[in-house]
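Read off the chains here:
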Amino acid sequence: MSGVQQIPQVPQLPQVPQAETPRARGPLLSSRNVGLAILALIVVGAVIIPWILADRLETRLGDALLGPSLSHPFGTDPVGRDLFARVAEAARTDVTVAVVGVLLSAVIGGMIGVVVGYSRGRWSGLLMRGLDAFQAFPLLVFALLLLAFVGGGVSTLIIAVGFVNIPIFIRLVRAETLAASRLPYVDAATCVGCSTPRILWRHILPNVLTGALTQTTTAAGYAIILVGALGFLGVGTDPGAAEWGVMIQEGVQYMTSGQWWLIAFPGVAIVVTVVALQMVGESVVKARRVR
Amino acid sequence: MSKVDSRRRRGGLRLACVALGLTVMTTACGGGGTSSTGDAADSGKPAKTSMSVAAGAIAENIDPDAPSAVVVANYQTVKNVYEPLVRFGYQANDADLGGGLKLDTQKVEPALATSWEYADNAWTFKLREGVKSHAGNEFTSADVVWTYERSKALAATGALLWTKFMGVSAVEAVDKYTVKFTTDGASPMLLATMAVASYVRPIDSTEAKKHVTADDKWAAKWLGENAAGFGAYAISDWQRPRSITLQPRPDYWDAANSGNLAVTTQAVTNPAQRLNALTKGDVDIALGLTPQQVTTASQNDSLTVVKFNANTRAFVYPNLDDSNIADVKVRQAMWTAVPTKDIIERVYNGDAFELKSPVSPYIAGYTDEFFRYDHSMEKAKALMAESSKPNGFKSELYYSSEEPILQQVAEILKSSWAQIGIDIQLKAEPNAQLQTRNFNNHDIPLYMEDLGATEVPDACSIGALWAKGGIANSNNYHDDTFNKAFEDCLDQVEFADREPAMKQLQKAAIDNPMVIPIVGLYSTTVIRSNVQNLAFDPSGATPYRTVTVK
Amino acid sequence: MVRYATVRLITIVPVTLALMILTFIVTQLLPTNPAVVAAGPLATPEQVAQMEARLGLDKSIPEQLVAFLGRLFTGDLGQSIGTGNAVIEDLVRRLPSTMVLTTSGVLVGFVLAIGLAVVTANRERGVLASVGKTFGGLGSSVPDFVVGPILILLFYVAIPVFPVPIGQGGSGADVPAVTGAALLDAVIAGNGGAIVDALTHLALPSLTLALCYAAPIYRVAVSSIEEISRRRFVDYVILNGGSNKLRWRYVLENAFPPILTMSGLVYGLLIGGAVVVEAIFSWGGIGEYAVESITGNDFFAIQGFVMVTAVLSMLIYLSVDLIHAWLDPRTIKRSAS
C-alpha cells in the first residue's frame, strides 16, 4: 500500500502448504535477482550520474521546462536543470535516508527485541502494550511531529525514519526470539551452562537475523514513500535539496500548463525503487518458507 | 514560506501584524476617484456579482480581539465585516506593480466617525448617525466604550494597541453620538492605528451583550462565531474549515462605495492547487503563492500579478546583550556588507527592493535621506577596523527551518560577513523553538525572519516598538537620541509638525541600527486579469469592497 | 462472546492510558514552552507566567500529570492558537469530513479488491492473473502523492470530468453545516443537487485512497479465497452438484473474516493517515488540521489530534476484532488459549 504506514500482518492466516519444491538455486531472472539488479543500477546511478552530469544541474533559465527529448530524456525543471540528473541526485537523499534510517532502527529495535524476547519479564508485556499504543498512530504524522520539533535536514529525516521503524523491529525480533528460544538446542545450551550473552549471540541471533533482514528491505521501501510524503508536505529536507517528493510537489503547480514530466519521472523513480526493494524482500520470505 | 501554509503564526515581533490589522474598504472615495462600478459599466458587459478566492485557510474565529486574530486568514474576514472610526484613502498603485489601489497613508478619511479633534490630552470623535449593525442596531458611543472596555479586560492584542499605539487611558461617552478618548499627550498615532487595526473596531454592543454569560463576560464565544460590526460585508455561508461567503450589506453606511460582489473564500492548503484553480479560471484571486509560483503566473496572459509596497521585510535582529554585536560600528559594518542587489537577484528573482530605513516606504513620514550603507565591502571592512572587534568574531545566525528562502539568504549573508571577519554559523530551527529562544530566553545572537510587518503606517511606530519599554524591544535596544525623537514625535498632532521628529527617529535608527534590514518584500496577490481595483491592506488581507470583476 | 468483548474493551483502557502518559511525557521533553505558545506572540513575561499558572505548569510533574489526565476526561483539550477555538471543537468539526473520505475510500477499495480477487483468484496465467499480480504488487508501491496529482491531471486538467479538486463541494447557504461533512449535510438537507456535487468532489480523493490502500486487502482476499477454495467442504459442494453461485457463496462466507480484518486495519490507519490525500484535495479534515498544527506549532491542537486519532483507531481495531469474533467464533477460543 502506498501510504506511509505499514499495515501489520493479518493475524495468522492458516498457512497453505506450498506447492513449490525447494531448489538449490533460483533461476537467473528470479524476482530477487531482478530486484537486486535494479537496486544496484539505482545506487550506481545515484553515485555517478550527478557527478558526470554536474553541469546539467546548474540553473539555466533559458532551458526551463523543456519536454523530454534526446538531449534531456526526462525534460528540464522550472529553472532549467536536467530532470534526469536531478532525479538521480534525489536518489542520493532518498535512498540514503531510507537505508541508513532503517538499518539504524533494525539494530536498535533488534537489540531491544532480543533482550525483551529472551527475558520474557513482566516489563516486556508492559513494553508491548506501549508499542500497541504507539502503533495505533499514523507513521507519517509521527514523523511530521518529530521533524517539527527537531528541525529538518537529512540527519533528522534519518532519525525520524529510524524512530518510526523501531517498534516494528522490536515486535518482529521479539517474536522470533521467543520462537527461537523454545528450540531444543537453546535449552541444551542453557543446561550446559552457557552464559546468557553467549546463548543470545551464538544461538538466538543467527535465527533471528533472516527475519529482520527481510523486514529491512520492506521497511526501506516504505521509508522511501514516507520521506517522499514528508517532502511533498513541505517538511524534511533542506531547502533546495533534491528529493523526489519535493520535486513532485513542485511539479503540481505546472499540471494545468501541461508539464506532466515534472511529476511523472520522480514518481516513476519512487515506484521503481520501492518495487525493487519489495521484490528482494518477498523473495527472501519465499526462500524461508521453502526452507 | 512553508509549503503547507498559511495558518502559520506570525510570531513575536509580528506584533506588528497585529497592529496592522486592517483597512477595510474604501474605494477611492477621496483619492483617485476610481469609481469601481464605472469600469464595468463602460465595458458594456454586465459585471459579475460573485467572486471566488483561494486562500491558505479561512477564518475560524472572527472575534476581532481573539488571540487568533493575528492570523491573516482571520483578517480576511474580520476586516471586511468590521468598520473603523476612520480610514485611509486609496490612490492608484504603480502600473508596473500590476495596478490596483494602494493606501494614501497621509490622508485619513471619516468612516464611522464624521469628525474629530484633539485638545488637552483628549480626542473627541463625532459619530455618524443612523449607521446600522449586522443585527440592525444603531451605532452609538456606547459601542465604542464597550469595545474599549472589552479590549482592556481581555488584555490581548487590542489592549496593547489601545495603550501602546493609541495612548488611550480612558474612553467615555459624551453623548449618544460623541465619544471622548483620554490620551497620554497628543498621541498622534491614534488615527493611523484606528484606520488599520481590526482589533479596535467598534463592536455592536447591544447585540453582543445579549450573549454574555457568567463564564464569558465579553461574549467571546458568540463573537467568535457571529459578525457584530458595522462593516460593508456580512457572512452568508460559513462551512468551517473549508469556505466562507461574504455578501455586501445593503444597509452599509457608505452606500456609494459598498461592495459589488459576493465573495466566497475557499481554504486550499496547497499553494500549487491555488495556482492551478486560478489558471483554470475556477477562482478569481489566489493568495499566498510562493515566489516561484508568482513567476509562473506572471508568464500567463490571463493572470495579473499585483504587488504592493508593503511592510513585509527580511530583517536580522541583533541581540544587543551579545558583547560582539553591542558595538554600533559592528552593526553598521554588517549592514554595509549586506549584498542587497545580489540577494534580490539570486534569491527573489528581482522581486524585492532595497530597504533604506527600518520604516517601510509606503508609510507616512518615511524618508531614505539618512541611508548611508550602500553595499561596499571596503567601507564595511573599514567600519570593522574602527570597531572594538577589529579582528572579527564568531557568531550564530538563527532562522526558521520552515522557510527555505531564508536558508538561501542566510548563505549569502554568511559569505559576505565572512569577508569582514564575522564568522557566522547558520542555525535553522523550528519556528516555535526559535520564538521561545528569541523572545523569552534571549539566547540568540542574530535572528532573521521575513514576516515582520511591524508597524502602524506612521513612522512614529518604530518608536513604540523600539524605544525604552517598546513592545518589540526584546533585543535590549537603547539609544537616547532615538528615545528623544520618539517623545518629540508624540508631542504634536499635525503631520507637518511631526515630520522633523519622524525623520530624526529614522536617522537615529539608521545611525545606531536596532535591526539590520536585508530586503523589502512586496505583498503579492495573483488575480485573473478581469479582476480590477484590488486594494492593499497592510495585514495581507483583501478588502473586498473595491473589487470588481468584468 | 460477551465475555470476550468485555475483556477486549478492558484491554483498551491501559493502552489508552499509556498513550496519554506518552503524550504527556513527550510534551515535557519538548524544547518549546507551551505557555509561551498559548499566551500568544504578544504576551508579556507576566502573561506567560499567568498562563503557566493556568496550565498548571508551575506545579510538580506528577501533579501536572494528574491535572492533564483530569482535563482530558472532561474533554478539555485546550485552545488552538491557529483557529482561536477549542481544540475539541475544531476536531469535532473536521472529523466527519475525514470519516466520509476514509470510509468511502475503504469501501471503494474493498469492493475493488474483492471484485478483482474473485476474478483473479486461482489463476496462474492470463491477462487477468497479471492484472491481479500487478495490482497486488504495484498497489503497495505507488504513493498517494503520485496517484492523486495524476488523477487530477487526467480527470480535471486533461479531460475535465470532475469539478475543481478543492474541498467537498455540496455546500451553500441552503445546506446548513450540521456535521461539517458536505456529503452528510447535503443528505440531511435532502438537497439532490448538493448530494451530486458532493459526490463528484468525493470521487477523486476516494479513488486515490482506494487505489493506494486496497492492495493489502486484495492480497489477503486472494490468498484467503484460494485457501478456502482448496478446502474439502468446497469439493463437497461441487460433488453434491451445487451451483457455481452456491460454491462462491460458501467460499466467500468463509474467506471473509481475514479480509474484513485487513480492511479494518487499513481503515484504522487511514483515520489519521489520510493526511496527504486531504492536503492534495484541500479536504478540510483532521489530517490537514494535523499538518497545519504541526507546521504552525499549534501545541494543544497537535496533542488533541494525537489523542483523538489514536483512540479512534483503537476503537476501530476493537470493533474489527469483535466482528471477526462474531463471524468466526473460533477466534475467541484461540485468543483464550
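To be clear, the structure that these remarks concern was listed above.
On a predicted model such as this, the values are computed, not experimentally measured, just so you know.

Caption draft 1: Expanded view of the overall build of chain C. When you go through chain C residue by residue, the secondary structure sums to 16 helices and zero strands. Across its three principal directions, the C-alpha atoms of chain C cover 85 × 55 × 40 Å. Expressed as a percentage of its 337 residues, the buried residues of chain C come to 50%.

Caption draft 2: Fine view of the overall build of chain A. From N to C terminus, chain A includes nine helices and zero strands. In sequence order, the secondary structure elements of chain A are arranged as α-α-α-α-α-α-α-α-α. Burial status across chain A gives 51% buried among its 291 residues. Intrachain contacts of chain A at a sequence separation of at least 6 include 73% that bridge at least 24 residues.

Caption draft 3: Seen up close, the sheet that holds strand S6 (residues 168-175) of chain B. Residues and elements named next belong to chain B. Taken in spatial order, the four strands of this open sheet run S4-S5-S7-S6, and their pairing is antiparallel. Edge strands, defined here as strands with exactly one partner in the open sheet, are strand S4 (113-118) and S6. Mean inter-strand twist for the sheet, computed between neighbouring axes without regard to direction, equals 20 degrees. Across the sheet, helix H4 (residues 141-154) lies against strand S5 (122-127), S6 and strand S7 (178-183), angled at about 160 degrees from S6, the strand it touches most.

Caption draft 4: Representation of the interface of chain C and chain A. On the chain A side, the residues contacting the 51 residues of chain C number 45 residues. Grouping the constituent residues of the side of chain C that touches chain A by class yields 36 nonpolar, 13 polar and two charged.

Caption draft 5: Up close: unusual backbone geometry. All names here are of chain B. The omega angle of the peptide bond from Arg 240 to Pro 241 is 0 degrees, so this bond is cis rather than trans. As for its placement among the helices and strands, Pro 241 is situated in the loop between strand S8 (233-239) and strand S9 (243-248). One non-glycine residue, Ser 187, lies in positive phi territory at about 50 degrees. In this fold, Ser 187 is placed in the loop between S7 and helix H6 (189-196). Positive phi is not limited to glycine here, since Asn 349 has a value of about 50 degrees. Following the sequence through the fold, Asn 349 ends up in the loop between helix H13 (340-346) and strand S13 (352-353).

Caption draft 6: Examining the interface of chain A and chain B more closely. Taken residue by residue, the interface counts 16 residues in chain A and 20 residues in chain B. Looking at side-chain class alone, the side of chain A that touches chain B contains seven nonpolar, eight polar and one charged residues.

Caption draft 7: Region of interest: helix H4 (residues 139-150) of chain A. Residue and element names in this part refer to chain A. Its twelve residues give H4 an end-to-end C-alpha distance of 16 Å, which sits within 8% of 16 Å, the value for a rise of 1.5 Å per residue. Within H4, eleven of the twelve residues are buried, which leaves the element mostly enclosed by the surrounding structure. Where H4 is concerned, the buried positions are Leu 139, Leu 140, Val 141, Phe 142, Ala 143, Leu 144, Leu 145, Leu 146, Leu 147, Ala 148 and Phe 149.

Caption draft 8: How the structure looks around the environment of Leu 327 of chain C. Residues and elements named next belong to chain C. Mapped onto the elements of the fold, Leu 327 is located in helix H15 (residues 299-327). Residue Leu 327 is classed as partly exposed on the basis of its 14 C-beta neighbours within 10 Å. Leu 327 sits 83 residues away from Asn 244 along the chain, and the two C-alpha atoms are 23 Å apart. Beyond its immediate stretch of four places on either side in the chain, Leu 327 contacts Phe 256 and Pro 257.

Cut-off values and rules
- Residues numbered from 1 in each chain as written.
- Chains lettered and ligands numbered in written order.
- Predicted model: local features only at pLDDT ≥ 70, side-chain atom pairs only at ≥ 80, totals over all residues.
- Helix = DSSP H or I, 4+ residues; strand = E, 2+ residues; numbered from the N terminus.
- Buried ≥ 20, exposed ≤ 12 C-beta atoms within 10 Å, placed from the backbone.
- Contact = placed C-beta atoms within 7 Å.
- Pairing = 2+ DSSP bridges.
- Axes fitted to C-alpha atoms, helices over the stretch in contact; angles between N-to-C directions.
- Nonpolar A, V, L, I, M, F, W, Y, C, P; charged D, E, K, R; others polar.
- Expected span 1.5 Å × (residues − 1).

These figures capture arrangement, not role.
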